[in-house]
Amino acid sequence: LLTQYLTLFQAHATLVQGFRPAALDAPLAVWHVSEADRAAAPWMRCTRSTVTEHMIAGEHYDLMYPPLVETLAGQLSAALDQLPRP
């Protein structure tokens, strides 16, 4: 199982190596799990609009499991509700 995870990780790393997406014309919402991870500057290159940062206490992979996944889902839903409707 560990070999499968490492193989998948290496495949993903190869795919994203050097990938630079075009800047969006849309606001971005970014979630961080610690102050050490908080850095809006890299995300500013990804949009011609605003970057809103959110903090959730925990570790990166904790976001995939309760209770943090519910916290993230609630914050994401609130962020989407604030967007203008077409």
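Below is a short write-up of the structure. (Residues numbered from 1 in each chain as written. Predicted model: local features only at pLDDT ≥ 70, side-chain atom pairs only at ≥ 80, totals over all residues. Heavy atoms only, no water.)

1. Here we look at the overall build of the protein
Regarding its fold elements, the protein presents three helices and two strands. In sequence order, the secondary structure elements of the protein are arranged as α-β-α-β-α. Here the C-alpha radius of gyration of the protein, 16 Å, is well above what a compact globule of 86 residues would show, namely 12 Å. Oriented by its inertia axes, the alpha-carbon framework of the protein measures out at about 45 × 35 × 30 Å. Relative to its 86 residues, the protein shows a buried fraction of 12%. Taking contacts inside the protein between residues at least 6 apart in sequence as the whole, the part at least 24 apart equals 29%. Of the roughly 7,000 Å² that the protein leaves accessible, carbon and sulfur atoms contribute 63%. Once the 5 positive and 8 negative side-chain charges of the protein are each reduced to a mean point, those two points are 13 Å apart. (Helix = DSSP H or I, 4+ residues; strand = E, 2+ residues; numbered from the N terminus. Rg over C-alpha atoms; globule rule 2.2 N^0.38 Å. Buried < 20%, exposed > 50% of the residue type's maximum accessible area, 1.4 Å probe, protein only. Contact = heavy atoms within 4.5 Å. Areas by Shrake-Rupley, 256 points an atom, 1.4 Å probe, with all protein chains shown as cover. Lys, Arg positive; Asp, Glu negative; His and termini not counted. Charge placed at Lys NZ, Arg CZ, Asp CG, Glu CD.)

2. Digging into the pattern of salt bridges
Here the structure, examined in full by the defined rule, presents two salt bridges. Residue Arg 48 is joined to Asp 25 by a salt bridge in which the shortest nitrogen-to-oxygen separation is 2.7 Å. Remark: Asp 25 occurs in the loop between helix H1 (2-16) and strand E1 (28-32) and Arg 48 occurs in the loop between helix H2 (40-44) and strand E2 (51-55); sequence separation between them is 23 residues. What makes Asp 25 exposed here is its relative accessible area of 64%. Of the charged contacts in the structure, one is a salt bridge between Arg 85 and Asp 81, with a shortest N-O distance of 3.8 Å. An identical accessibility class is assigned to Arg 85 and Asp 81; each is exposed. (Salt bridge = Lys/Arg side-chain N within 4 Å of Asp/Glu carboxyl O.)

3. What about the environment of Arg 38?
Locating Arg 38 in the fold gives a position in the loop between E1 and H2. On the basis of relative accessible area, Arg 38 is assigned to the partly exposed category, the value being 35%. Between the C-alpha atoms of Arg 38 and Leu 83, which are 45 residues apart in sequence, the distance is 23 Å. Ignoring sequence-local partners within four residues, the contact set of Arg 38 consists of His 32, Glu 53 and Met 55.

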